[in-house]
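A structural walkthrough
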Amino acid sequence: MTQLTDEEVRTLNDRANAIRQTIIEMLVEAGSGHTAGPLGMADIFTALYFHVLAHDPENPGSPVRDRFVLSNGHIAPVRYAAMAHAGYFPVEECLTLRKFGSRLQGHPERLKLPGLETTSGPLGEGLSQAAGMAYAMRMDGVPHRVFCAMSDGEMDCGNTWEAAMFASAKRLSNLVGIIDRNNIQIDGYTESVMPLEPLHEKWQSFGWHVLEVDGHNIPQFIAACDEAAAVFEKPTVIIAHTIPGKGIKSIERDYRWHGKPPNKEEAAAFLAELRTLGGQVTSEHQ
Amino acid sequence: MLHPDAKLRDDLFEAAEQAPTRDGFGKGLVEAGEKDSRIVVLCADLAESTRVEEFSKKFPDRFVEVGVAEQNLAALASGFAAAGKVPFIASYATFSPGRNNEQIRTTISLNEQPVIIGGMHAGVSVGPDGATHQALEDMALMRVQPNMTVISPCDAEEARKATVAASVLGKPVYVRFARDKTPIMTSFDTPFAIGKANVLWYPQQGAPSVAILATGPLVHTALIAARELENRDIPTTVTNFHTVKPLDVETLVGVASEAGAVVTVEEHQIAGGFGSAVAEALAQTYPVPMEFVGVHDRFGQSGTPRELIEEYGMGASHIVDAVARVLPRRR
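All of these numbers come straight from a predicted model, not from anything done at the bench. (Residues numbered from 1 in each chain as written. Chains lettered and ligands numbered in written order. Predicted model: local features only at pLDDT ≥ 70, side-chain atom pairs only at ≥ 80, totals over all residues.)

**Considering unusual backbone geometry**
- The peptide bond linking Glu197(A) to Pro198(A) adopts the cis configuration, its omega dihedral lying at 5 degrees.
- Counting through the fold element by element, Pro198(A) comes out in the loop between helix H7 (190–193) and helix H8 (199–205).
- Looking along the chain, the bond that leaves Lys245(B) and enters Pro246(B) is cis, with omega of 0 degrees.
- Topologically, Pro246(B) is positioned in the loop between strand S12 (243–245) and helix H8 (249–259).
- Look at Arg51(B): it is not a glycine, yet its phi comes out positive at around 70 degrees. (Helix = DSSP H or I, 4+ residues; strand = E, 2+ residues; numbered from the N terminus.)

**Section: the pairing of strand S14 (residues 290–295) of chain B**
Residue and element names in this part refer to chain B.
- Across the six residues of S14, six count as buried, placing the element largely inside the fold.
- Taken together, the five bridges between strand S13 (residues 262–269) and S14 define a ladder with parallel strand orientation. Looking across to S14, one finds that Thr264 is bridged to Phe292.
- Running through helix H9 (residues 274–285), the crossover from S13 to the neighbouring parallel element S14 is right-handed. (Buried ≥ 20, exposed ≤ 12 C-beta atoms within 10 Å, placed from the backbone. Pairing = 2+ DSSP bridges. Right-handed = clockwise from strand over helix to strand, strands pointing away.)

**Notes on H9(B)**
Residues and elements named next belong to chain B.
- Taking 1.5 Å of rise per residue, twelve residues should cover 16 Å, and H9 covers 17 Å from first to last C-alpha, within 8% of that figure.
- Taken as a whole, H9 has its buried residues at Phe274, Gly275, Ser276, Ala277, Val278 and Leu282.
- Where the residues of H9 are buried, they touch helix H5 (138–143), strand S10 (210–214), S12, H8, S13 and S14. (Expected span 1.5 Å × (residues − 1). Contact = placed C-beta atoms within 7 Å.)

**A look at the sheet that holds strand S7 (residues 173–176) of chain B**
Residues and elements named next belong to chain B.
- Spatially, the seven strands line up as an open sheet ordered S3-S2-S4-S5-S7-S6-S12, and their pairing is mixed. Two strands lie at the open edges of the sheet, namely strand S3 (63–65) and S12, each paired on one side alone. Ignoring which end each strand starts from, the neighbouring axes of this sheet average 20 degrees apart.
- Here strand S2 (residues 39–43) runs beside strand S4 (residues 86–92); their pairing, made up of five bridges, is parallel. Each bridged residue has a counterpart across the sheet, and for Leu42 the counterpart in S4 is Ile89.
- Lying over the sheet, helix H1 (residues 21–35) contacts S2, S4 and strand S5 (116–120), oriented at roughly 145 degrees with respect to S2. (Axes fitted to C-alpha atoms, helices over the stretch in contact; angles between N-to-C directions.)

**Structural notes on the environment of Gly272(B)**
Residues and elements named next belong to chain B.
- Checked against the element boundaries, Gly272 lands in the loop between S13 and H9.
- Accessibility expressed as a C-beta count within 10 Å gives 16 for Gly272, which makes it partly exposed.
- As for Gly272 and Leu141, which are separated by 131 residues in sequence, their C-alpha atoms are 8.0 Å apart.
- When near neighbours in sequence (up to four residues on either side) are disregarded, Gly272 contacts Glu137, Ala140 and Arg143.

**Regarding the interface of chain A and chain B**
- Across the boundary between the two partners, chain A contributes 22 residues, which contact 22 residues of chain B.
- Looking at the side of chain A that touches chain B, the elements that each hand over two or more residues are helix H5 (126–139) and helix H6 (158–169) of chain A.
- If one sorts the elements of the side of chain A that touches chain B by residue count, H5(A) sits on top with nine residues.
- Of the residues that constitute the side of chain A that touches chain B, the class distribution is ten nonpolar, eight polar and four charged. (Nonpolar A, V, L, I, M, F, W, Y, C, P; charged D, E, K, R; others polar.)

**Digging into the domain arrangement of chain B**
Residue and element names in this part refer to chain B.
- Looking at chain B, the domain boundaries give domain 1 (4–12 + 192–329) and domain 2 (18–183).
- Each of domain 1 and domain 2 has a C-alpha centre, and these two points are 25 Å apart.
- Contact residues are listed per partner, giving 33 residues for domain 1 and 32 residues for domain 2.
- Put simply, the parts of the chain that give the side of domain 1 that touches domain 2 at least two residues each are helix H7 (218–231), S12, S13, H9 and helix H10 (305–311).
- A class-by-class count of the residues in the side of domain 1 that touches domain 2 yields 16 nonpolar, 15 polar and two charged. (Domains from an automatic or database assignment.)

**Focus on the nonpolar core**
- Counting 193 residues, the largest nonpolar core has Ala131(A), Ile212(B), Ala222(B), Val262(B) and Ile319(B) as the members making the most contacts within it.
- Shared between two domains, this core takes at least three residues from each, and those domains are domain 1 (4–12 + 192–329) and domain 2 (18–183) of chain B.
- Apart from residues no more than four positions distant in its own chain, Ala222(B) is found in contact with Ile212(B), Ala214(B), Val238(B), Val265(B) and Ile319(B). (Core = buried A, V, L, I, M, F, W, Y, C linked by C-beta atoms within 7 Å.)

**Considerations on the packing of helix H3 (residues 42–52) of chain A against helix H9 (residues 218–229) of chain A**
Residue and element names in this part refer to chain A.
- Axis separation between H3 and H9 bottoms out at 10 Å; the angle between their running directions is 60 degrees. Accordingly, the angle class assigned to the pair H3 and H9 is oblique. Read as a crossing pair, H3 and H9 show a hand that is right-handed. In contact with Asp43, Ile44, Thr46, Ala47, His51 and Val52 of H3, H9 contributes Ile218, Phe221, Ile222 and Cys225.
- Here the contact of H3 with H9 is built from residues that sort into seven nonpolar, two polar and one charged. (Parallel < 35°, antiparallel > 145°, perpendicular 65-115°, else oblique. Left-handed = near helix turned anticlockwise from the far one by under 90°.)

**Things to note about the sheet that holds strand S1 (residues 67–70) of chain A**
All names here are of chain A.
- A sheet is described by the order of its strands in space; here five strands give the open sequence S1-S2-S3-S7-S6, paired in parallel fashion. The two strands at the open ends of the sheet, each matched to only one other strand, are S1 and strand S6 (209–214). Shown here is a sheet whose adjacent strand axes are inclined to one another by a mean of 20 degrees, direction ignored.
- Across the sheet, H5 touches S1, strand S2 (146–151) and strand S3 (175–181), and the angle it forms with S2 is around 170 degrees.

**Things to note about the packing of helix H1 (residues 6–30) of chain A against helix H4 (residues 76–86) of chain A**
Residue and element names in this part refer to chain A.
- Two numbers describe how H1 lies on H4: the axes approach to 9 Å, and their chain directions differ by 125 degrees. One way to sum up the angle between H1 and H4 is to call them oblique. In the packing of H1 onto H4, the handedness of the crossing is right-handed. Contacts from Arg15, Ala18, Ile19, Thr22, Ile23, Met26 and Leu27 in H1 reach Pro77, Val78, Ala81, Ala82, Ala84 and His85 in H4.
- Looking at the contact of H1 with H4 residue by residue, the classes come out as ten nonpolar, two polar and one charged.

Written out as structure tokens, the structure is:
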């Protein structure tokens, strides 16, 4: 089990905050895109790119890497921001998000940007692809894992559950699903659009090892990833309880921020809030 | 007369051996699997019917049963390809690429993963199963996806060759196969290259008046029609377009301009299928009057393959009639 020092935890939290700022900067520049999900997943993406994943930004196709599939491609800003901060490309390139000719397509495309494992956006398909990778890697004796981040909204998709059945039937213990349980989707709260609960029991009954974490507690998430590595007979899914829009008090938990970007004034206020940790510290930008 | 370069079987009119094109898929899979250990086969609860059973017995470690889950089938295969495998997926064409069309679009075509989609039970000749299981729009679905190659073999031998060729193409490929036994007209020596159409029939003397362009097992029916037309002193060519995409425009323009009129033949909806592809190409290169033999905006139904081919206007007599209709309008 990984024991993180207080200093390491602080560094990771600071990174997550920097990634959130980049997300706001890219969204306001793009003028369209999703805000709530990327902010909500910033801590988990930070943990993945800066601690959990075996990966090499200098050599994105390295055969000795863990694979990270983003199923709900619409939260691409958090992936791009995390990748940029991890050194895959300059952070300034994040400002090309959704623009003509950009490598940072509105929904991620593998062939455009090295370091993406697949093209994604249409919901419900990521876990299948991740399972295919995990199966093929096991066939070849590749000792690495496949992580697949999903939204809770895409638990509505039949394809998700087809993949869930398959992965447990084939005992793909090298596969880790991560569900962004933020309780919102485009049309409203998940439990009013199409209730998912009891979600834990659903996954359990499909034969998965199920863990639940606070998606903003980086050490807790890292510990869950470690635990998943120790489960040999079944795949693991981590239900990460997150707050959509996390870090910006005025938009947290508001499903109306699922699919829209901040305008210039809002972005300035959001950035100030992030840079001062909600007024706790003085920002150099002030 | 039969074109010597096509090296067709001598007995193709009289006592042709019959086999379903899906049998060729099964043989081709084993052949390809022996050559390339990266090949894996994923199947959605139709191992016997899709003819992947032999592969599954020969290479059990490279066979993956997915159950009745065609969306998972397609997206899984994309994942296998991403991890270095060469996956074939097998189901009925109404379900794959029918039901899982979007998974194919996003995870295979847009994502450019070299997955080979084998769609069985194409056409009304599926027979008694009825409309739900008779794929008549699969080529249209696949043809409009960028990066996708579409192949429709004319017999079991060509189906074997197409399967092996698809396995080494390194791109997304859709190959459609039929359920019913149909005559084997090509031989081991008949040329086959993806994207290259083959002229199978040409006039004994003089220039052709109509070019018959066919794809799938109806190529044989087109040859029967051509022979009948020859007896009526109407000279034609018959060209086998096993590859519907990319279309062999050079050969197409050659035979169309030589004849000045075209009849397309396919066991598929007229809208969006092979005939549409031909019309799109000729409209931009060498427009000539056309007739389309195929299914005209109807669903299939139960019946014997022979009854259904007649009911939907795809028999030899229908091809002869189409030639007669287009003849006076030749360019």
